[in-house]
Amino acid sequence: MTMTYAALLRGINVSGSKRVPMPELRTVLTELGHTGIATYLQSGNAVFRSDSDDEDALAAALEQALRRRFGFSVDCLVRDAGYLAAVADACPFPAADLEGKQLHVTYYDRPVDADRFADLAAADFLPEEFRLGDRCLYLYAPDGLGRSKLAVALGRPRHVKGLTATSRNWNTVEKLVEMTRD
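The shown structure was predicted, so the numbers you read here are calculated from the model rather than taken from an experiment.

1. Some words on the packing of helix α3 (residues 81-89) against helix α6 (residues 170-180)
Here's step 1: With their axes 9 Å apart at the nearest point, α3 and α6 run at an angle of 140° to one another. Put simply, α3 runs oblique to α6. In the crossing of α3 with α6, the sense of the turn from one axis to the other is left-handed. Contacts from Ala81, Leu84, Ala85 and Ala88 of α3 reach α6 at Trp170, Val173, Leu176, Val177 and Thr180.

In structure tokens:
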């Protein structure tokens, strides 16, 4: 059975480093045997169809293909359409009332428990807030990610050690849900 997925590449095309042109990303996905390929923005979002039902194997194959093609490592997460829709539906913040730049989702490669962030005193970051979800973290940053003190704290090595993580703003979250909808 063919499934629709989104590939979320971490840290590409930022400040001229790890440059991965979207046409070449589409080519790499085609060479891996995927179909229905489309990209969104230049920040490493691709949608594709595959007969595989193993997200981790799909991500590992894409990482290897990107390393061979470009000569550098790119962390990738692959998530199916149902998961992406469930993450959007489970948002604990009033997404419809917020600007896309105010709400972000960080996707993780595995479940993350609250103990990882226990040293963060929520009151120290208000009005910014975060909530954990299914292999993700929702961040409300009313002044945007670039000014967020909480985003900096959440990204410290002690909080993300051993995880593959990549963040998307709410506009991108919604667009990926739309693009993966069958």
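2. Some words on the sheet that holds strand β5 (residues 103-108)
Here's step 1: On the basis of which strands lie adjacent, the open sheet formed by 4 strands has the order β6-β7-β5-β8 and antiparallel pairing. Edge positions in the sheet fall to β6 (129-133) and β8 (165-169), since each of these pairs with one other strand and no more. Each neighbouring strand pair of the sheet contributes to a mean axis angle of 20°, computed without reference to strand direction.
Here's step 2: Relative to β8, β5 runs antiparallel, the two sharing 5 bridges. Its bridge partner lying in β8, Val105 is registered against Arg168.
Here's step 3: Sheet contacts for α3: β5 and β7 (136-140); angle to β5, the most-contacted strand, approximately 140°.
Here's step 4: The strands touched by α6 are β5, β7 and β8; relative to β8, the strand with the most contacts, the crossing angle is about 95°.

3. Examining the side chain of Thr164
Here's step 1: Position of Thr164 among the secondary structure elements: in the loop between α5 (157-160) and β8.
Here's step 2: Using a relative accessible area of 17% as the deciding quantity, one classes Thr164 as buried.
Here's step 3: Every residue in contact with Thr164, bar those within four places of it in the chain, is listed here: Asp75, Leu77, Tyr107, Tyr108 and Asp109.

4. Let's talk about the packing of aromatic side chains
Here's step 1: On inspection of all chains with the given rule, the structure shows 5 aromatic pairs.
Here's step 2: Note that Arg79 overlies the ring of Tyr83, its terminal NZ or CZ placed 5.5 Å from the centroid.
Here's step 3: Geometry around Tyr83 places Arg135 over its ring, the cationic atom sitting 4.4 Å from the centre.

5. Topic: the nonpolar core
Here's step 1: By size, the foremost hydrophobic cluster in this structure holds 21 residues, and its most contacted members are Val87, Cys91, Val105, Tyr107, Tyr138 and Trp170.
Here's step 2: Looking at this core, the elements with two or more residues in it are β1 (3-9), α3, β5, β7 and α6.
Here's step 3: Setting aside its immediate chain neighbours within four residues, Trp170 contacts Ala88, Cys91, Ala95, Gly100, Leu103, Val105 and Tyr138.
Here's step 4: Core analysis: the second largest hydrophobic core is formed by 20 residues, Ile12, Met22, Leu25 and Val28 among them.

6. Let's talk about the sheet that holds strand β3 (residues 45-50)
Within a beta sheet, neighbouring strands are joined by backbone hydrogen bonds and run either parallel or antiparallel to one another.
Here's step 1: With respect to topology, 4 strands assemble into an open sheet ordered β2-β3-β1-β4, the strand pairing being antiparallel. The open sheet has two edge strands, β2 (35-40) and β4 (76-80), and neither has a second partner. In this sheet, neighbouring strand axes are inclined to one another by 20° on average, regardless of whether the strands run parallel or antiparallel.
Here's step 2: Running over the sheet, helix α1 (residues 22-31) touches β1, β2 and β3 and is turned about 155° from β2.

What counts as what
Counting restarts for each chain: residues are numbered from 1 in the order of the written sequence. Local features in this predicted model are restricted to residues whose pLDDT is 70 or higher, and side-chain atom pairs enter the listing and the counts only when it is 80 or higher, whereas totals over whole chains, interfaces and linings include all residues. Side-chain measures here rest on the full set of heavy atoms in the structure, leaving out hydrogens and waters. Axis definition: a line fitted to C-alpha atoms, limited for helices to the stretch in contact. Angles are taken between N-to-C directions and run from 0 to 180 degrees. Numbering of helices and strands starts at the N terminus; helices are DSSP runs of H or I of at least 4 residues and strands are runs of E of at least 2. For classification purposes, angles smaller than 35 degrees are called roughly parallel, those larger than 145 roughly antiparallel, those between 65 and 115 roughly perpendicular, and all remaining angles oblique. Left-handed describes a crossing in which the near helix is turned anticlockwise from the far one by less than a right angle; the clockwise case is right-handed. Residues count as neighbours in contact if any of their non-hydrogen atoms are within 4.5 Å of one another. A pair of strands is considered paired only if DSSP assigns at least 2 bridges between the two. Burial classification: accessible surface area is computed with a 1.4 Å probe over protein chains only, and a residue below 20% of its type maximum counts as buried, one above 50% as exposed, and the rest as partly exposed. Pairing of aromatic rings covers Phe, Tyr and Trp, the last through its six-membered ring, and needs centres within 6.5 Å; plane angles under 30 degrees mean stacked, over 60 mean edge-to-face, and all others mean tilted. Charges are assigned to positions over rings by a cutoff of 6 Å between ring centre and Lys NZ or Arg CZ, combined with an angular limit of 35 degrees from the ring normal. Nine residue types can take part in a nonpolar core, namely buried Ala, Val, Leu, Ile, Met, Phe, Trp, Tyr and Cys, and a core is a set of them joined through side-chain atoms within 4.5 Å.

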